[in-house]
Structure formats: structure tokens, C-alpha cells
Amino acid sequence: MARKVFALLFLGAALGSAWAEEVIPVMSDERVVFQTDYGDITFGFWPEVAPVTTAHIFKLVRLGCYTSNHFFRVDKGFVAQTSDVVGGRSLPMNAEQEAEAGKTVPLEVVQGVKHHAGVLSMGRYDDPNSGASSFSVLLGDAPHLDMVYTAFAKVTEGMETLRKMEELPTKREGIFVMPLKRITIQATYWYRINRPEPALTLPDAKVCEDDLHELTLRFASQAEELQRVRKKCLPA
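We now turn to the structure provided with this report.

What counts, and where the lines are drawn
- Residues numbered from 1 in each chain as written.
- Predicted model: local features only at pLDDT ≥ 70, side-chain atom pairs only at ≥ 80, totals over all residues.
- Heavy atoms only, no water.
- Phe/Tyr/Trp six-rings, centres within 6.5 Å; stacked < 30°, edge-to-face > 60°.
- Helix = DSSP H or I, 4+ residues; strand = E, 2+ residues; numbered from the N terminus.
- Lys NZ or Arg CZ within 6 Å of the ring centre and 35° of its normal.
- Buried < 20%, exposed > 50% of the residue type's maximum accessible area, 1.4 Å probe, protein only.
- Arc of directions from axis to C-beta.
- Salt bridge = Lys/Arg side-chain N within 4 Å of Asp/Glu carboxyl O.

Glancing now at the packing of aromatic side chains. The full count for this structure, using the stated rule, is eleven aromatic pairs. Judged by centre distance (6.1 Å) and plane angle (70°), the rings of Phe43 and Phe135 are edge-to-face. Highlighted residues: Phe43 in strand 2 (residues 39–45) and Phe135 in strand 6 (residues 135–138), separated in sequence by 92 residues. Through a chain of ring-to-ring contacts, three or more aromatic side chains come together here, namely Phe34, Phe43, Phe45, Phe58, Tyr66, Phe135, Phe152 and Trp190. Between Arg62 and the ring centre of Phe58, over which it is positioned, the NZ or CZ distance is 4.8 Å.

Written out as C-alpha cells, the structure is:
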């Protein structure tokens, strides 16, 4: 009898978790754009769900770390996954990029946040606190990832780009379904929406300094990519 009661309680808890009311996270004003040969992918962050992860990924973007990285995995109906920027980029990294890319983030989950198509979910190893810079973009619903992997952002534009990537020829290597042709993130940038600018107010000096630093890093990253393409495509 005790075993039956325990089994019923366990089943009830499992069903309660599965049927938990869905939470629709608030998205921040920042938008990140990844540019590929198949189109652009734009996404926004969920800082209230995953504050540490969103801050880390956003800094990697601002430092230009994802430029020349690639989607190493495209599993139709499941995920398109970026490589870790350490080892995944075709461009070398500078010291600042290496320092941020070497950091890890903890598992951050909120009951009711679901892994639907378009959600960005942090990649990791068996250790739940081992997320670094690889993440997956969900291509379909994956409820088995809920409360197990960190959902931290969602695509706002560009699902059609991901659908094009899904149709590319692939091969299976172990548990991974991988595109035969490298899907390079050619360039990245970010912008803000709905950011109020009070009239006749001087800009904050620290904000300007940070924005200028980010812009300088972005231009430097693009310059490196331009030189790589020139060497590859133009005669000496």
C-alpha cells in the first residue's frame, strides 16, 4: 500500500510539473543579429530568467567573439547549435576575448519557462554549471530540456533562416547531426529598441565610453575578417 501511495504521489508531482502554467519571460531591449550566408538571425535576451548567462553571452557578442564562429550542429526539428567560440572561430582571439570566453556560467532555470521553437538554450557538459559560449537555437518544442538547460533568449526575426539551414545536407557523428558544409557566422552586431533619449540631456560619459569601446572592437573584428577574405579571394 505504501508503495502505491508513493507511486501515485510521484506521478502527481511529475504531471504537476509538466502541466505547470507557462511563463512568458520579459525580453530586454537589446537585439543581437547573427549574419549567415542563409540570412540573418535576430534574438533578444531574458535577463530576469537567466541574468548571469545573458550578461555573459551579451558581452561575448559585444566583444565580437561570435564573428567567424559557426553552427556545428543542425538537427532538423530539434536544434541548431553554435560551437564554443574557443576553437570554433576561424579568426584568432585577442586577450580580452579569450578572458571572457574562458568563463563559465551556472545553470539558471525558472519553473514554467518552456523550450519552444526559437528559444536559445545554453550548451554545457554533464556539469550543469559548465556553460561557456556554445548555445542551441530550438527548431521545435523540446519539453525534456525544461528545468535542465538554461533558456536565456528567443529569436525575434530569422526563423526562415533557420528553416533554410535545416534543409542542408547533414551527417551523423555520434549523437550529433552536423551539416556537411560549414555554416559560418559571417558577422554580428547588436542594437537597442525602445530606448528613451531625454531631450536636451547630455549623454552619460561612461555610456559613451563603453559604446565607443564596443564599436572599436566590432570594427577591429570586421577588419580581420575582411583581410582573411581578401587573402582568400583576391590575387596577390
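All of the buried residues along helix 5 (residues 159–166) are Thr161, Leu162, Met165 and Glu166. In an axial view of helix 5, the angular spread of the buried residues amounts to 145°, which keeps them on one side of the axis.

Here we take up the pattern of salt bridges. Under the counting rule described, the total for this entry stands at six salt bridges. Residues Glu166 and Arg163 are paired through a salt bridge, measuring 2.8 Å at the closest nitrogen-oxygen approach. Highlighted residues: Glu166 and Arg163, both in helix 5, separated by three residues, approximately one helical turn. We classify Glu166 as buried; its relative accessible area is 9%.

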